[in-house]
Amino acid sequence: MDLEFTIEEQEFRATVRQFISANLPRDIAEKVQNGRRLVKDDYVRWLKILYQHGWGATMWPREYGGTAWNPVQLYIFDEECSAAGAPMQLPFGPKMVAPVIMTFGNRAQQERFLPRIISGEDWWCQGYSEPNAGSDLASLRTRAERQDDHYLVNGQKAWTTFAHYADWMFCLVRTSSEGRQQAGISFLLIDMKSPGITVRPVILLDGEHEINEVWLEDVKVPVQNLVGEENKGWTYAKFLLGHERTDIARVGRSKAALKRLKTIAHREISNGRPLIEDQRFRDRVALVELELMALEVTNLRVLLDDRKGRAPGPESSILKIKGSEIEQMLTELTMQALGPYALPSTSEPRIGNEGNHPSGAFLADCATSNYLNCRKVSIYGGSNEIQRNIIAQMILGL
Amino acid sequence: MNFDYTEEQRALRDSLQRFIEKEYSFEKRRALIRSGESFNREVWAHFAELGLLALTVPEDCGGIGGNAVDTMLVMECMGKGLVLEPYLACAVLATTLVSTAGTNEQKQSLLPPAAEGGLLLAAALCEPETRYALDRITTTAEATADGWRISGKKALVLGGPSADKFIVSARTGGEANAAEGISLLLVENGTPGLDVRAYRMHDGTHAADITLRSVEVGHAALLGTVGKALPCIELAVGQALAALCAEAVGIMTALNDATLDYMKTRKQFGQPIGRFQALQHRMVDMVVATEQARSMTILATVKAGASDPTERLKYMSGAKTYVGMAARTVGQTAVQLHGGMGVVDELIVSHYFKRLTMIMATLGDTDFHLDRFSKALLAA
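Residues numbered from 1 in each chain as written. Chains lettered and ligands numbered in written order. Predicted model: local features only at pLDDT ≥ 70, side-chain atom pairs only at ≥ 80, totals over all residues. Heavy atoms only, no water.

### Comments concerning the pattern of salt bridges
Reasoning step 1: On inspection of all chains with the given rule, the structure shows 46 salt bridges over all chains.
Reasoning step 2: Salt-bridge contacts for Glu385(A) lead to Arg282(B); the nearest nitrogen and oxygen are separated by 3.0 Å. Here Arg282(B) lies in helix H8 (residues 277-303) and Glu385(A) lies in helix H13 (residues 384-395), a pairing that spans two chains.
Reasoning step 3: For Arg282(B), a relative accessible area of 28% corresponds to the partly exposed category.
Reasoning step 4: Through salt bridges with shared partners, one network takes in Arg13(A), Arg17(A), Glu79(A), Glu80(A), Lys255(A) and Glu296(A). (Salt bridge = Lys/Arg side-chain N within 4 Å of Asp/Glu carboxyl O. Helix = DSSP H or I, 4+ residues; strand = E, 2+ residues; numbered from the N terminus. Buried < 20%, exposed > 50% of the residue type's maximum accessible area, 1.4 Å probe, protein only.)

Below, the structure written as structure tokens:
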């Protein structure tokens, strides 16, 4: 048992830190560090910088242009990126569809799609959920009817993150209604420019446009875009869920958020003293810090344990539950730290902000919006209720 | 002892309820928010017609002379209807401040137009650096030949953007945090030196931060007795806290109804999700929390006028603490049980959640009031 980083790992961290410091655009870092929303261009700029350095897909095997970093290196990279305010890498292309294409796709698909994912030329979105298939994903109804050289796809996808930015969608569709629901699902790659696709924005409670509904009306998808075998899509989807969840706990992000919270708590004044001296508040910060300390180690334990034998996945449910709860608590405490200034939604300087607001315009900005937006993290990616079911069934055998 | 409402109270609640259902639908409200309006004159006029603006005004000042229970019923409706207009700020807090602190002349001059809807008053009691404290006042009012000169900053003035007059707490004497030496002064909107910076809040309502730079007002602007305003402020804020708790209970009740309906109709895995025990228990917890919060609100309401300030503090701060915690539980659970639908703007659930979140940080958050309630234990 050894929790120390090796010399090589320390040197690796130094290399990563140096690269980020020299190359991460200031304006992007500032947005991320102050909890502000990013636009597509912010993600693209950083992605291109990484790609040019050969770090476009750090978790991919070398044969596809990845760095083949081990879990500890990936963890160090995520921590350094989060600390410096680098945008999180959107998982849909590089971490979700790419492993499926690598493992179950054919050579033509790998040659066509993978280079464009790693370079950032193609943006991907995930066509899974439907209005009537949320937690019960297997009951999905979007149909794909085989007709000669293509599938004819009809249906509706929901909660599709960044579909309005995406070039491609990986889509779970129903190709058979016989037998078990799971046994009739296929994995299709769909060009978002296909005729018959309509993307409708769904605005969240904080006013942000992140997710969409995607309507598919007689969309023709070439059979070449079927990944693996027809009716085996559920297997590929499960593989995807358990695979490479290095950052499902979002430890790096939460460490940066905790640091931001502490800064705010030192600057805010309550009863004439810095808020951090208020024991009631400070204890809550201390407790969430403890949770995060524990999660950091649990995360590493899960990532480094390859001896379990069964399909990877159920342990990631622990990471998702704790990670999301910690993330939410951090946003809540940050909002609470502002006291009454949690109420205004504008980022215009408030009266106290003419240079003098305790938190400053930047750190305090967006705190409530982030709290509101973050209510989704215990719901998306498999709600925390479903995650508990997974642990109960797959780890505990209940 | 009974917990019944009078016939008049039920009639008032029912007519307000009807008005909100017809004229203040969810879609109409979203349109109001989109338009950026902070205040709708027609709605305010209708509140005046219903007698709502006269509720907290004494009969001899052109009001109805209602009691805190009347206000509680009204506020529950305002909560359920997610009404954006500054009823609490103008028709509860500000009017109570005037009737508590003002001279007879001032009451006769200010309260009748307020009750009729023609005058909007907003209380400016807190400051940017002092969070919720009502006694940490650094805004100063210097005596001049013609009256007073006021300088300072006031924060989160509810109803500020649409106010005709501000009631500003300022220090006319005493040390920085002393209870003595705080006065209330009326400042007309548009007075030279007064800067009103309005902003929207996350729930669609509006507030303002105001700066006073050597604002000159006459002698008559002093509300009541110089230096003795703090007890009046605390009494008025206490009434407002009870009202705010009632608004929260109205929202929580509506959230429970909406969530229960969703659990019965939303099907996954071949059955309504309300069949899953894990979710049933969470739903039950929401209902239990709401009933407890309702009880605390009733307590605060009947004690809001108590003459002993220590007793009042116990019930007002106690209620705000408790109801704040219940609001958190009910709000967060309602969103979670709605799944993705709980976080979209299209559905009312997220709007209820946002308003509850704002209420939790208004007139003192849970920490602030728990601190006050808890410190009272030391005295025992």
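### Here's the deal with the interface of chain B and chain A
Frequently, the measure chosen for interface size is the accessible area that the parts lose on association.
Reasoning step 1: Listed as interface residues are 47 residues of chain B and, on the opposing side, 54 residues of chain A.
Reasoning step 2: When the two sides are added together, the surface that chain B and chain A hide from each other amounts to roughly 4,300 Å², 54% of it contributed by carbon and sulfur.
Reasoning step 3: The largest per-residue losses of area from chain B upon contact with chain A belong to Arg131(B), His202(B) and Val343(B), which jointly make up 17% of the total buried on that side.
Reasoning step 4: The interface formed by chain B and chain A includes six salt bridges.
Reasoning step 5: Two residues, Glu346(B) and Arg200(A), come together in a salt bridge whose shortest N-O distance is 3.3 Å.
Reasoning step 6: Elements represented by at least two residues in the side of chain B that touches chain A include exactly strand S3 (147-158), strand S6 (194-200), strand S7 (206-218), H8, helix H9 (309-337), helix H10 (348-360) and helix H11 (366-379) of chain B. (Contact = heavy atoms within 4.5 Å. Buried area = accessible area lost by both parts, 1.4 Å probe.)

### Considerations on the nonpolar core
Reasoning step 1: One finds Phe47(B), Tyr87(B) and Met252(B) to be the most contacted residues of the largest nonpolar core, which totals 163 residues.
Reasoning step 2: The leading source of residues in this core is helix H7 (residues 230-265) of chain B, at 20 residues.
Reasoning step 3: Membership of the second largest hydrophobic core comes to 56 residues, among which are Val72(A), Tyr75(A), Ala86(A) and Tyr236(A). (Core = buried A, V, L, I, M, F, W, Y, C linked by side-chain atoms within 4.5 Å.)

### A word on the packing of aromatic side chains
All names here are of chain A.
Reasoning step 1: Using the criterion set out here, one finds 28 aromatic pairs over all chains in the structure.
Reasoning step 2: Considering the side-chain rings of Phe-162 and Tyr-165, the 5.0 Å spacing of their centres and the 25° angle between planes classify their relative orientation as stacked.
Reasoning step 3: In this structure Phe-162 comes out as buried when scored by relative accessible area, which is 9%.
Reasoning step 4: In textbook terms, an aromatic cluster arises when at least three aromatic residues are bridged by ring pairs, as seen for Phe-104, Phe-113, Trp-124, Tyr-128, Trp-168, Phe-170, Phe-187, Tyr-236 and Phe-239.
Reasoning step 5: The ring of Phe-5 has Arg-13 lying over it, and the distance from NZ or CZ to the ring centre is 5.1 Å.
Reasoning step 6: Lying over the aromatic face of Trp-123, Lys-40 brings its terminal NZ or CZ to 4.9 Å of the ring centre. (Phe/Tyr/Trp six-rings, centres within 6.5 Å; stacked < 30°, edge-to-face > 60°. Lys NZ or Arg CZ within 6 Å of the ring centre and 35° of its normal.)

### Quick look at the environment of Asn271(A)
Reasoning step 1: Along the polypeptide, Asn271(A) turns up in the loop between strand S8 (269-270) and strand S9 (273-274).
Reasoning step 2: Beyond its immediate sequence surroundings of up to four residues, Asn271(A) is in contact with Arg136(B) and Asp371(B).

### Brief notes about the pairing of strand S5 (residues 185-191) of chain A
All names here are of chain A.
Reasoning step 1: Within S5, six of the seven residues are buried, which leaves the element mostly enclosed by the surrounding structure.
Reasoning step 2: The sheet contact formed by strand S4 (residues 168-174) and S5 spans seven bridges and is antiparallel. Opposite Trp-168, over in S5, you have Asp-191 as the bridge partner. (Pairing = 2+ DSSP bridges.)

### Topic: the side chain of Thr205(B)
Residues and elements named next belong to chain B.
Reasoning step 1: As for its placement among the helices and strands, Thr-205 is situated in the loop between S6 and S7.
Reasoning step 2: Since its relative accessible area comes to 12%, Thr-205 is described here as buried.
Reasoning step 3: One polar contact links Thr-205 to Asp-203, side chain to side chain, over a distance of 2.7 Å.
Reasoning step 4: Each residue touching Thr-205, except ones within four places of it in the same chain, is listed here: Leu-84, Tyr-199 and Arg-200. (Polar contact = N/O pair within 3.5 Å; in protein donor to acceptor, adjacent residues only side chain to side chain.)

### Comments concerning helix H1 (residues 7-23) of chain B
Residue and element names in this part refer to chain B.
Reasoning step 1: In this model, H1 (17 residues) spans 24 Å end to end at C-alpha, consistent with the 24 Å of a helix rising 1.5 Å per residue.
Reasoning step 2: Along H1, the residues classified as buried are Gln-9, Leu-12, Ser-15, Leu-16, Phe-19 and Ile-20. Burial along H1 is one-sided: seen end-on, the buried residues are contained in an arc of 135°. Across from the buried face of H1, at angles greater than 90 degrees, the exposed residues are Glu-7, Arg-18, Glu-21 and Lys-22.
Reasoning step 3: Buried residues along H1 sit against helix H3 (41-49) and helix H4 (68-80). (Expected span 1.5 Å × (residues − 1). Arc of directions from axis to C-beta.)

### Some remarks on the confidence of the model for chain B
Reasoning step 1: Per-chain confidence: chain B averages 96 in pLDDT, with 100% of residues scoring 70 or above.
Reasoning step 2: Note on the complex model: pTM 0.96, ipTM 0.96. (pLDDT = per-residue confidence, 0-100.)

### Focus on the pairing of strand S2 (residues 143-147) of chain A
Residues and elements named next belong to chain A.
Reasoning step 1: Where S2 meets strand S3 (residues 150-157), five bridges bridge the pair, whose relative direction is antiparallel. When the bridges of S3 are listed, Arg-146 appears paired with Tyr-151.
Reasoning step 2: Counted between consecutive antiparallel strands, the loop separating S2 from S3 contains two residues, among which Asp-148 sits at a positive phi close to 50°.

### Some thoughts on unusual backbone geometry
Reasoning step 1: One non-glycine residue, Asp218(A), adopts positive backbone phi at about 50°.
Reasoning step 2: For Ser214(B), which is not glycine, the phi dihedral falls at a positive 50°.
Reasoning step 3: In this structure, Ser214(B) sits in strand S7.
Reasoning step 4: Residue Ser214(B) is classed as partly exposed on the basis of its relative accessible area of 40%.

### Re a nonpolar patch on the surface
Reasoning step 1: Residues Met1(A), Leu3(A) and Val297(A) make up a contiguous nonpolar surface patch of about 420 Å² in total accessible area.
Reasoning step 2: Mapped onto the elements of the fold, Met1(A) is located in the segment before helix H1 (7-23). (Patch = residues over 30% accessible without salt bridge, like charges linked within 9 Å, V, L, I, M, F, W, Y side chains within 5 Å. Areas by Shrake-Rupley, 256 points an atom, 1.4 Å probe, with all protein chains shown as cover.)

### Things to note about the side chain of Thr357(B)
Reasoning step 1: Secondary-structure assignment places Thr357(B) in helix H10.
Reasoning step 2: Within the structure, the side chain of Thr357(B) is placed 2.8 Å from the backbone oxygen of Phe353(B), a separation counted as a polar contact.
Reasoning step 3: With near-sequence residues (within four places) excluded, Thr357(B) lies in contact with Met335(A) and Tyr371(A).

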